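One letter stands for each residue in the lines below.
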Amino acid sequence: IKSFEEYERSIKEENVLSVVSFTASHCRKCRYFKKMYERLAVSFGSESTNEKNEIKIPLKFYWLDIGKFSSDAVSVSNEKNCLKCNGTGFLICQECEGLGYRWLHSKEKSLAVTCPICVGYKKVRCTVC
């Protein structure tokens, strides 16, 4: 899928079950998930059946890289004038307080680990826009 309009057209097809994976190409976990998603698409092929194996349902698998649509998301959020993120589309990660890492403390030592929420980017997507 190359554009948001193409995505909307794809999921509105009648009598077709669309399976869409929303991920980001810069995300390590998303790249790992893509391999599993591709295996799923191959194993199911182009159609599936219901629980009783009676009805064949056409399937279409889509991979949507949200990183490619980030400029669209920012322009939409600017139009809405989001008060939470000031139209940027991002907020400071509350889990690590914008550091990108957290401290784990034990009796013997302290260890800095990458924040599991923002994965070190220090920001997360705005939940409002």
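About the thresholds
- Residues numbered from 1 in each chain as written.
- Predicted model: local features only at pLDDT ≥ 70, side-chain atom pairs only at ≥ 80, totals over all residues.
- Heavy atoms only, no water.
- Phe/Tyr/Trp six-rings, centres within 6.5 Å; stacked < 30°, edge-to-face > 60°.
- Helix = DSSP H or I, 4+ residues; strand = E, 2+ residues; numbered from the N terminus.
- Buried < 20%, exposed > 50% of the residue type's maximum accessible area, 1.4 Å probe, protein only.
- Salt bridge = Lys/Arg side-chain N within 4 Å of Asp/Glu carboxyl O.

A.B. asks: Honestly, the packing of aromatic side chains in this entry has me stumped. Any pointers?
C.D. replies: Aromatic ring pairs are described here by two measures, namely the spacing of the ring centres and the angle between the planes. Counted according to the given criterion, the structure contains three aromatic pairs. When the ring of Phe33 is compared with that of Tyr37, the centres are 6.0 Å apart and the planes differ by 35°; the resulting orientation is tilted. In this pair, Phe33 and Tyr37 both sit in helix α2 (residues 28-44), four residues apart, roughly one turn of the helix. In this structure Phe33 comes out as partly exposed when scored by relative accessible area, which is 36%. Aromatic pair Tyr37 and Phe61: ring centres 5.8 Å apart, planes at 70°, arrangement edge-to-face. You can see Tyr37 sitting in helix α2 and its partner Phe61 sitting in strand β3 (residues 56-65), a full 24 residues away along the chain.

A.B. asks: How should I be thinking about the pattern of salt bridges in this particular structure?
C.D. replies: Close approach of charged atoms allows side chains with opposite charge to pair. With the rule as written, the count across this model stands at one salt bridge. Between Arg102 and Glu95 there is a salt bridge; the shortest N-O distance is 2.4 Å. Taking the relative accessible area as the measure of exposure, Glu95 reaches 42% and is therefore partly exposed.

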